[in-house]
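# Observations on the three-dimensional arrangement
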Amino acid sequence: MLHNVVEDLVEEWIEKVLPQYTCCKCAKCRLDMMAMSLNKLKPHYVVARDLFSKTRYLNTSLQNDIMMAVVTSVEFIKDHPRHDTE
Ligand SMILES: [Zn+2]
């Protein structure tokens, strides 16, 4: 089983960044933010049994790239939610 660690890290960053925004935080928007962030980033695969090595990617420039992609995506979805705002 292969696992894209960037997916986990994007999800973590969205959880970290989202409370600072007054945007819609529904499951649909979160998924859009995640998809958009992941499309900006290169996947980084590890074998599932080596998942603990995820920590190896913390504090690297990868972490910074992920944060930037998440912030850009959150701001875009905030202004362009893909559903009607009530
Ligand atoms: Zn929403």
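Reading guide: rules and limits
- Residues numbered from 1 in each chain as written.
- Predicted model: local features only at pLDDT ≥ 70, side-chain atom pairs only at ≥ 80, totals over all residues.
- Helix = DSSP H or I, 4+ residues; strand = E, 2+ residues; numbered from the N terminus.
- Buried ≥ 20, exposed ≤ 12 C-beta atoms within 10 Å, placed from the backbone.
- Contact = placed C-beta atoms within 7 Å.
- Axes fitted to C-alpha atoms, helices over the stretch in contact; angles between N-to-C directions.
- Parallel < 35°, antiparallel > 145°, perpendicular 65-115°, else oblique.
- Left-handed = near helix turned anticlockwise from the far one by under 90°.
- Nonpolar A, V, L, I, M, F, W, Y, C, P; charged D, E, K, R; others polar.
- Expected span 1.5 Å × (residues − 1).
- Core = buried A, V, L, I, M, F, W, Y, C linked by C-beta atoms within 7 Å.
- pLDDT = per-residue confidence, 0-100.

## Quick look at the overall build of the chain
The helix and strand inventory of the chain stands at three helices and two strands. Helices (α) and strands (β) of the chain occur, in sequence order from the N terminus, as β-α-α-β-α. By residue count, 17% of the 86 residues in the chain fall in the buried class. Pairs at least 24 residues apart make up 88% of the contacts formed inside the chain by residues separated by at least 6 positions.

## A look at the packing of helix H1 (residues 5–17) against helix H3 (residues 61–79)
Between H1 and H3, whose axes approach to 9 Å, the crossing angle comes to 55°. Considering their axes alone, H1 and H3 lie oblique with respect to each other. For H1 against H3, the interelement crossing comes out right-handed. Across from Val6, Leu9, Val10, Trp13, Ile14 and Val17 in H1, the residues of H3 making contact are Gln63, Ile66, Met67, Val70, Val71 and Val74. For the contact of H1 with H3, the class distribution of residues is eleven nonpolar, one polar and no charged.

## What about H1?
Turn by turn, an α-helix covers 3.6 residues, leaving residues three or four places apart pointing in a common direction. Taking 1.5 Å of rise per residue, the 13 residues of H1 would be expected to cover 18 Å, and the 18 Å separating its terminal C-alpha atoms lies within 8% of that figure. Within the sequence span of H1, burial applies to Val5, Val6, Leu9, Val10, Trp13 and Ile14. Looking at the buried side of H1, the elements it contacts are strand S1 (2–4), helix H2 (27–40), strand S2 (45–47) and H3.

## Some thoughts on the nonpolar core
Residues Val5, Val6, Leu9, Val10, Trp13, Ile14, Met33, Ile66, Ala69, Val70, Val74 and Ile77 constitute the largest nonpolar core, which totals twelve residues. If you list the elements that add at least two residues to this core, you get H1 and H3. Of the residues forming this core, the biggest block, six residues, is contributed by H1. Leaving out residues up to four positions away in the same chain, Trp13 has contacts with Ile66, Met67 and Val70.

## As for the confidence of the model for the chain
Across the chain, the average pLDDT comes to 88, with 85% of residues at 70 or higher. Mean pLDDT in the chain bottoms out at S2, which sits at 83, and peaks at H2, which reaches 97.

## Comments concerning the packing of H1 against H2
Their axes nearest at 10 Å, the elements H1 and H2 cross at an angle of 130°. Put simply, H1 runs oblique to H2. The hand of the H1/H2 crossing is right-handed. Every residue of H2 that contacts H1 at Val6, Glu7, Val10, Glu11 and Ile14 is listed here: Arg30, Met33, Met34, Ser37 and Leu38.

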